[in-house]
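Close look at the chain arrangement
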Amino acid sequence: MPATTKTNSQLVINGILNENPIFRLALSMCPAVGISTSVMNGLLLGIAVLFVQVFSSCTISVIRNYIHPKIRIPTYTLTIATWVTVIDLVLAAYMPAAYKEMGIFVKLIVAFAIITMRLEMFACKNSVPASFWDGVGMGLGFMFAMMTLGFVRELLGMGTLFGYDILGFKPLLFFVLPAAGFFCVGIMMAIYNYVELAYNRKKKG
Amino acid sequence: MKNFRREYLILSILAVLGLILLGGCKPEHRFIKKTAFKDINSIVITFAGPVDEAWAKNTSNYSIYEKPDPDIKLKIGQVSISPDKRTVVLTFEEDLNQDQPHILNISEIISEGKSLGTAFVKVKKLYFGYLFSILIGAMIINNFVFAKYLGLCVFFGTSQKKSTAVGMGITFTIVIVFSAMMAWFLYQFVLKPYRLDFLQIVVFIGLVSLSVQAVDTILRKVNPALFKAFGVYLVLVIANCIVIAVPLILADNEYNGWESLMLALGAGLGFLIALFLMSSVRERLDLANVPTTYRGLPIAFVVAGLFALAFMGFSGMSIF
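All values derive from a computational prediction rather than experimental measurement. (Residues numbered from 1 in each chain as written. Chains lettered and ligands numbered in written order. Predicted model: local features only at pLDDT ≥ 70, side-chain atom pairs only at ≥ 80, totals over all residues.)

1. What about the overall build of chain A?
Keep this limit in mind: Secondary structure elements are taken from DSSP: a helix is a run of H or I of four residues or more, a strand is a run of E of two residues or more, and numbering for both begins at the N terminus. Note on method: radius of gyration uses C-alpha positions; expected globular size equals 2.2 Å times residues raised to 0.38. Exposure classification rests on a simple neighbour count of other C-beta atoms within 10 Å of a residue's own: a residue reaching 20 or more is buried, one at 12 or fewer is exposed, and one in between is partly exposed. C-beta atoms are placed from the backbone.
Along the backbone of chain A there are 9 helices and 2 strands. Order of helices (α) and strands (β) in chain A, N terminus to C terminus: α-α-α-α-α-α-α-α-β-β-α. Taken over the C-alpha trace, chain A has a radius of gyration of 18 Å; the compact-globule value for 205 residues is 17 Å, and the two agree within 12%. Overall size of chain A, expressed as C-alpha extent along the three principal axes, is 60 × 55 × 25 Å. When each of the 205 residues of chain A is scored for burial, the buried share is 48%.

The structure is reproduced here in structure tokens:
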């Protein structure tokens, strides 16, 4: 793939809509199911992923001409692991309560396929600013997906948003149960598919 | 030349096994033969010889606490001794939490007029039962896919056909046992003593890639037929969160060698079970008339949700 010709805003929009990491690329779905029980959790993990993605993309983009092709995957992994360690320690130090709630998932950012994939597909071939905006787009797309899921599940499950009581009653406690995460992700994917189908049909007709 | 190399391989495997055994064993006092829980609130101590009755009846000679909370000493209600003076039963005022190992401190054991010193003994449930409960726990009750929601990318990617699912499951089990044992060893003997805990993410992910590469190389040489069947799945294993989650859980819970082995084995087999169940359903789904928007992944997610609901039925179950 040659260097990208897209503008910065197109790169960001691309991450949120066309190539949304969770709903379109179907990558890194473990956190989408596991901890999207509230908007706050989604926001926090989204920020963590955003930081790791942007920093790793920039790092790889800076050193992209010095990486030997044979060891590029280990290089990506170690870069990501370093940034995840940084985020992990920062969260543990400044937000102990939220860190406890997210549990092992912060450390598991290291195994999220989406970050490695963007490094392989984009950052190692493009300039630093383009990689930065691509990272921002992907991070925001992930955050958007997590917050949408969190919004639906928190509102329907607990009747609250960001911890504030909105509905005053709990419509469907089922949605807080982790098993409902699978249903929510499945239905959201179906909605994305439906929108795409409808859009294509309109373009044709 | 070939036999020579094989000997080295066997020797190194034996050395690793020996180290694991060392990690699993704990020293005990020589005069105490056996300790065990009895009913819900008593502990039976069996001595190798008869002990002094006046000493045995004195409750201040015993102090006992749960292993995680050394500050909270449990209160002993009464002590009874058997006619041959070899068995002592301690009855406690409150019920014991038998899932936790207890540390029993018996001071100045007196037997036939001689003092035999102070003993620290661990009281816990039958060790094999405990190990078995870790295995079953990781396999079914806390199934990593359906109850902990990890490893989903690979789970949905390889559960389309039964043959692929089984191949992936077996490869994954081999790799995870291998890498978890190495991670346990490195964490206990290198990272912890030198206070390098904060490096665990970097070290564990490196170890995982390393063990995948090692399994790849060994399998290619030792059993080319097996490599042909399972080689393609090896690359996918690295992308699986479970393989990195298990070492992190081991490190958090301070498991010893045997417990780590059981957890890793349980995680691998649990993943195999989940893949097999899912692939059976998805083979049927191919024949069904699914709405266009739900085709492919969305319907697979809904099916996984149903499985997760079913697996919730296991939660809270305890064995032994």
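2. Section: helix α1 (residues 8-16) of chain A
Residues and elements named next belong to chain A. Under the convention used in this document: Working definition: the arc comes from the directions between the helix axis and the C-beta atoms, pointing outward to the latter. Throughout, a residue-residue contact means that the two C-beta atoms, derived from backbone geometry, are no farther apart than 7 Å.
Every buried residue belonging to α1 is among Leu 11, Val 12 and Gly 15, and all of these are buried. For α1, the angular spread of the buried residues around the axis is 95°, confining them to a single face. Elements in contact with the buried residues of α1: α8 (128-158).

3. Brief notes about the interface of chain A and chain B
Keep this limit in mind: Gly is placed with the polar residues, together with every amino acid not listed as nonpolar (Ala, Val, Leu, Ile, Met, Phe, Trp, Tyr, Cys and Pro) or charged (Asp, Glu, Lys and Arg).
At the interface, 35 residues of chain A touch 28 residues of chain B. When residues of the side of chain A that touches chain B are traced back to their parent elements, those giving at least two are α2 (30-34), α4 (72-94), α6 (105-108) and α9 (179-204) of chain A. The element best represented in the side of chain A that touches chain B is α9(A), accounting for 12 residues. Of the residues in the side of chain A that touches chain B, the class split is 25 nonpolar, 8 polar and 2 charged.

None of the figures reported here should be taken as evidence of function without further support.
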